[in-house]
Amino acid sequence: MLLNIARNFSSKKFFITGASGQIGKKLIPYLYERYGPNCVVVSDVNQTQFDVESQPPFLPLDVVDKEGFAKAVEASEATHILHLAAYLSAKAELQLQKSIDVNIIGVNNALEAARIHNTAIYVPSSIAVFGPTSPRVLTPDDCVVQPTTAYGISKVYMEMMGNYYHKKFGVNFRSLRYPGAVSSDPPGGGTTDYAVEIFFELLKNQEYQCFLSKGTELPMMYIDDLIQGTCDLIDAPEETLTRRVYNLGAISFTAEQLTSCILKYIPGTVTYKSDHRQAYADSWPMSIDDSLARRDWNWKHKFDIDLMTRTMIELISKQMH
Ligand code: AKB
């Protein structure tokens with residue numbers, strides 16, 4: 001990812017959990033670009049390859065292992081924990097107990113490791129914290145949060161515990177509520193995954209059956225924006241922040257609007273057949289009010305739906321050849 005950023009070779013060093021997921025894959029090369037060499041130690045339950053010149057140091061870690069977590073953070077000499085490990089919405093419903101372990105116990109262990117080893121900690125949150133009783137259009141940062149998915153509940157828990165650790169122990173906890181992330185690395189187990197699958201399937205087979213209805217509108221974001229926003233929040237001077245958790249918005253589109261945009265550039269047919277994921281999508285916002293992030297630390301997105309679509313087609317076509 002080539003971004004026009006002010007280089008910030010600093011003393012930051014990141015210990016990343018769940019590093020081989022959709023976010024980690026793109027975040028790691030970006031961290032090297034932004035913070036310089038030796039800035040990353042990665043972990044995951046399974047070792048993986050990253051798209052960087054030399055592979056970052058790897059420590060195997062199952063985030064439910066409290067002692068292992070604390071030891072790994074100590075060994076990494078990190079200044080920041082980026083706790084990315086999580087079961088996303090659809091997978092969490094299918095593997096409920098395992099998701100509670102990873103999404104709740106894992107968060108407890110991450111916050112404890114940050115407290116004990118005096119590191120900052122960033123944990124992604126999600127639009128899934130909102131539920132059917134939250135406003136669905138331009139959903140504000142502060143409103144009723146009564147999510148109906150196990151994943152959403154675990155993210156509300158994470159936000160509240162993060163705030164608690166900040167207040168009680170002074171832990172530098174920060175978090176962003178991500179919309180659906182669109183990237184050329186396949187996600188796993190989310191409801192917004194359709195917006196990635198559609199590109200792979202249309203480019204490979206010229207057809208795609210979407211598991212959400214065509215009118216389903218959700219907040220979405222191209223991965224480069226998401227990663228830039230994440231690092232901008234991590235780097236934001238403490239005095240600019242008025243809260244620990246921010247909404248992060250960019251674009252919103254329906255499945256049908258995405259289809260029309262893609263079909264301007266490549267041929268194919270898309271049909272729609274809702275499955276169990278429709279209910280999760282219907283409980284989430286259609287658009288997000290992120291004015292506080294824009295005001296406090298100057299958040300700006302760059303990718304509109306058209307630029308995102310052209311970029312995705314180009315990247316996935318390259319991968320396929
Ligand atoms: C999911 O679909 O579960 C995630 C999310 C909205 O956090 N992409």
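What counts and how
Residues numbered from 1 in each chain as written. Predicted model: local features only at pLDDT ≥ 70, side-chain atom pairs only at ≥ 80, totals over all residues. UniProt positions renumbered as here; feature names shortened; annotations may be inferred. Helix = DSSP H or I, 4+ residues; strand = E, 2+ residues; numbered from the N terminus. Buried ≥ 20, exposed ≤ 12 C-beta atoms within 10 Å, placed from the backbone. Pairing = 2+ DSSP bridges.

Here we take up the UniProt feature "domain: NAD-dependent epimerase/dehydratase" (unreviewed entry) in the chain. Under the feature "domain: NAD-dependent epimerase/dehydratase" (unreviewed entry), the UniProt entry names residues 15–249. Secondary structure across residues 15–249 divides into 42% helix and 18% strand, with the first and last C-alpha atoms of the span separated by 26 Å.

To continue, consider the pairing of strand S4 (residues 80–83). Every regular strand shows the same layout, with side chains that alternate between the two sheet faces. Burial along S4 is two-sided: His-80 and Leu-82 and Ile-81 and His-83, pointing in opposite directions, are all buried. Sheet analysis places strand S1 (residues 14–17) next to S4, joined by four bridges and oriented parallel. Within S4, the position partnered with Thr-17 by the bridge is His-83. Two strands pair when backbone bridges link them, and S4 and strand S5 (residues 120–122) are joined in this way by three bridges, in the parallel orientation. Paired with Leu-82 across the strands is Tyr-122, a residue of S5.

Moving on: the environment of Thr-271. Here Thr-271 is to be found in strand S13 (residues 269–272). For Thr-271, a count of 10 C-beta atoms within 10 Å translates into the label exposed. Here the alpha-carbon distance between Thr-271 and Asp-282, two residues eleven residues apart in the chain, equals 19 Å.

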